[in-house]
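Residue-level structural notes
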Amino acid sequence: MFYAIISEDVADSLEKRLSVRPDHVKRLQDLQDQGRLLLAGPHPAIDTENPGAAGFIGSLVVAEFDSQEAAQLWADADPYNDAGVYAKVTVKPFKKVFPQ
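Structural notes, computed from the coordinates.

What counts and how
Residues numbered from 1 in each chain as written. Predicted model: local features only at pLDDT ≥ 70, side-chain atom pairs only at ≥ 80, totals over all residues. Heavy atoms only, no water. Patch = residues over 30% accessible without salt bridge, like charges linked within 9 Å, V, L, I, M, F, W, Y side chains within 5 Å. Areas by Shrake-Rupley, 256 points an atom, 1.4 Å probe, with all protein chains shown as cover. Salt bridge = Lys/Arg side-chain N within 4 Å of Asp/Glu carboxyl O. Helix = DSSP H or I, 4+ residues; strand = E, 2+ residues; numbered from the N terminus. Buried < 20%, exposed > 50% of the residue type's maximum accessible area, 1.4 Å probe, protein only.

1. Topic: a nonpolar patch on the surface
On the surface, Leu38, Leu39 and Phe94 cluster together into a nonpolar patch covering about 210 Å² of accessible area. Residue placement: Phe94 occurs in strand 4 (residues 86-94). Note on Phe94: relative accessible area 30%, which makes it partly exposed.

This is the structure:
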C-alpha cells in the first residue's frame, strides 16, 4: 500500500536542509530504484518553483511500504529529522486513484 509522508519544517530550515540533502535524496533514489516511490518533493515557502533564500516549509513523499509502521520507521530515519529540519512528520495511508 502507498503511504503519504507529510513533513513540516522548522522555521529557517534551508541551511539545515542543504547540509544533509544528498543523504535525504539517496534514500528517495533507493525507493525509486526499488519501484516503490510514487512522488516526492518539497513545498516551497513562496509561490515559485525555486524559492531561493526563502527556502521550503515541508516535504511530501508518497511511497509503497508493507505497513504504516514500516512507513513510519522509514520516515523516522530520514536525515532531515537528525539535522533538525522537520518540526512534525505525519504518515497516512494513501489510495492512488489517478492517474490510472
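On we go from here.
2. Brief notes about the environment of Glu8
Along the chain, Glu8 falls in strand 1 (residues 2-9). The class of Glu8 is partly exposed, set by a relative accessible area of 39%. Sequence-wise, Glu8 and Ala87 are 79 residues apart; in three dimensions their C-alpha atoms are separated by 5.7 Å.

Limitation: the analysis is restricted to geometry and does not speak to function.
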